[in-house]
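# Observations on chain architecture
Listed here are the chains, written in short residue letters.
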Amino acid sequence: MSATRLQLLSHRNVPLLSRGPNELLAGGGPRVRKLTSPTLSSSSPGRALSSLSATRRGLPKEKMSENGVLSRAKVLTIDTMNPTVKKVEYAVRGPIVLRAVELERELSEGMKKPFSEVIKANIGDAHAMGQQPITFFRQVLALCSYPELLNDSTFPEDAKSRARRILQSCGGNSMGSYTASQGIDSVRQDVACYIERRDGGVPCDPDDIYLTTGASDGIVTILKLLVCGEGATRTGVMISIPQYPLYSAALAELGAVQINYYLNEEKCWSMDISELQRALDEARRHCNPRALCVINPGNPTGQVQSRQCIEDVIRFAANERLLLMADEVYQDNVYAEGCQFHSFKKVLFEMGPEYSDTVELVSFHSTSKCYMGECGFRGGYMEIINMDDEVKAQLTKLVSVRLCPPVPGQALMDLVVNPPQPGEPSHDNFIKERTVTLSALAEKAKLTEQVLNTIQGISCNPVQGAMYSFPRITIPEKAIQEAMDKGQEPDMFYCMKMLEETGICLVPGSGFGQTDGTYHFRMTILPPTDKLTILLNKVKEFHQKFTQQYS
């Protein structure tokens, strides 16, 4: 049989032959192996195929069902699926959250529980916890979604003008059309202006801005660019411990090497250059470290890094030739006195050309956090600094595969970076709503720290920023042993019992990583103050009862 004939049959899904690496010609075309079996002849392809076993032909094996009928096995099974996907874990929506959903259903069906509702304090979903959206943002999005409302006199003129500008940037004046893969040009220009204002005039090129489907999309995209090599040359990425599980999940899926560096809990979860050096030196024995990820303000730990710390980290990255990834989605969430958000880009450029012309930096922002809390719209951006031109072309190609980020998310991102200005009709109300939201978060951050630190066996660092506390908990030895007997991490055992007895859904610290021998949980500060007070008191009662039970 000719090679052409074999190719034609193969393309018609006739599984004649496997094509392994040894069957590739240098020129890239398929090589047909010489066939010696007399049953495989050009005159009888059907008989030749039937003589091969299903396994050799690449077909799933058939198996006998209970009623005696042959059933075909699944093509995709747990054994034949992508092995890296099975390594992915995401604690924020892990087993405890699944059980919380079951408990909600059981309550709705009238089943009796020791509590009347499930309080989900496991995730930074602001609106789900009662935070109110910003009126101006929703007005403009409503106008963009249904342009007939532009004739409605109840909408302020500045909202209408913003909506018209966004719609004019969309094909057919509709948010239902695709945009440029990098994002709407006018929105990227507004993002660039925002960054320049934020950073005190440091220049920003709109061409360095990529709009993304939330910050997570941008982070995973950059990791895809980074990961390469095999064995000792495989890409390693440094991530903080405790960490946001997006990073460990993405690295597992990409088959990269996760390099853990530990934040210093005794110093309010600060970064330590000596710890970065330790982690890097150890990693270089078995992989090729290429990037350093920093979350500031921190998730799950709520710290705000000082300017000096950021400068030290930049100098470290420069000396060790590491690409910096700065996750800055909580940049408006700074509460503690004496703390201030410093963008990595601003500090980088203040350090002078020695660093600003050489250090490769990618920073990320989102519409999901801060005072907006618009998680569901999936809006975000990333800014790339000092990226190689050829790599940047590959990045643009890569994002084009997904066509474009959600257009409502792009529109919302535009409003975040270009809110109502002084003198415009919506400005005063915007400032009022923004201030109320951030002030309430600051109060709840302080309340959470204060109450948790009154509980014997729980210690909580100040919640300087972001939306979470990450207290350390003391678990009695008997409870640790029972957890191990059940094959659970002790803090998972603790949090699951809390859920079953109180209805409070938290995330165990083991899902974020922690120093050996220590235990924590992450809890959001997002519930309304009255509900947060109830939650904290329930945590206190549970911990006291748990400690007594296992002492």
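Residues numbered from 1 in each chain as written. Predicted model: local features only at pLDDT ≥ 70, side-chain atom pairs only at ≥ 80, totals over all residues. Heavy atoms only, no water.

## What about the sheet that holds strand 4 (residues 209–212)?
If you walk across this open sheet you meet the seven strands as 4-10-9-8-7-5-6, and the pairing is mixed. Each edge of the open sheet carries a strand with a single partner, namely strand 4 and strand 6 (257–262). In this sheet, adjacent strand axes meet at a mean angle of 25° when their direction is disregarded. Where strand 8 (residues 323–327) lies against strand 9 (residues 361–366), four bridges are found, and the strand directions are parallel. Each residue of the ladder has a partner; that of Met325, found in strand 9, is Val362. Packed on one face of the sheet, helix 14 (residues 389–400) meets strand 4 and strand 10 (380–385) and runs near 20° to strand 4. (Pairing = 2+ DSSP bridges. Helix = DSSP H or I, 4+ residues; strand = E, 2+ residues; numbered from the N terminus. Axes fitted to C-alpha atoms, helices over the stretch in contact; angles between N-to-C directions. Contact = heavy atoms within 4.5 Å.)

## A word on the packing of helix 6 (residues 157–168) against helix 15 (residues 407–417)
It is at 11 Å that the axes of helix 6 and helix 15 come closest, and there the two elements cross at 135°. In terms of axis orientation, helix 6 runs oblique to helix 15. Crossing hand, helix 6 versus helix 15: right-handed. Seen from helix 6, the contacting residues are Arg162, Arg165 and Ile166; seen from helix 15, they are Ala411, Asp414 and Leu415. Broken down by class, the residue content of the contact of helix 6 with helix 15 amounts to three nonpolar, no polar and three charged. (Parallel < 35°, antiparallel > 145°, perpendicular 65-115°, else oblique. Left-handed = near helix turned anticlockwise from the far one by under 90°. Nonpolar A, V, L, I, M, F, W, Y, C, P; charged D, E, K, R; others polar.)

## Here's the deal with the nonpolar core
Residues Phe137, Val191, Ile222, Met325 and Tyr371 are the most contacted members of the largest nonpolar core, which totals 77 residues. Per-element accounting of this core gives the leading share, seven residues, to helix 15. Both domain 1 (91–130 + 430–550) and domain 2 (176–417) contribute no fewer than three residues apiece to this core. Beyond its immediate chain neighbours, meaning those up to four positions away, Val191 contacts Ile209, Leu211, Tyr381, Met413 and Val417. Within the second largest apolar cluster, 38 residues are counted, among which are Ile475, Cys495, Leu536 and Phe546. (Core = buried A, V, L, I, M, F, W, Y, C linked by side-chain atoms within 4.5 Å. Buried < 20%, exposed > 50% of the residue type's maximum accessible area, 1.4 Å probe, protein only. Domains from an automatic or database assignment.)

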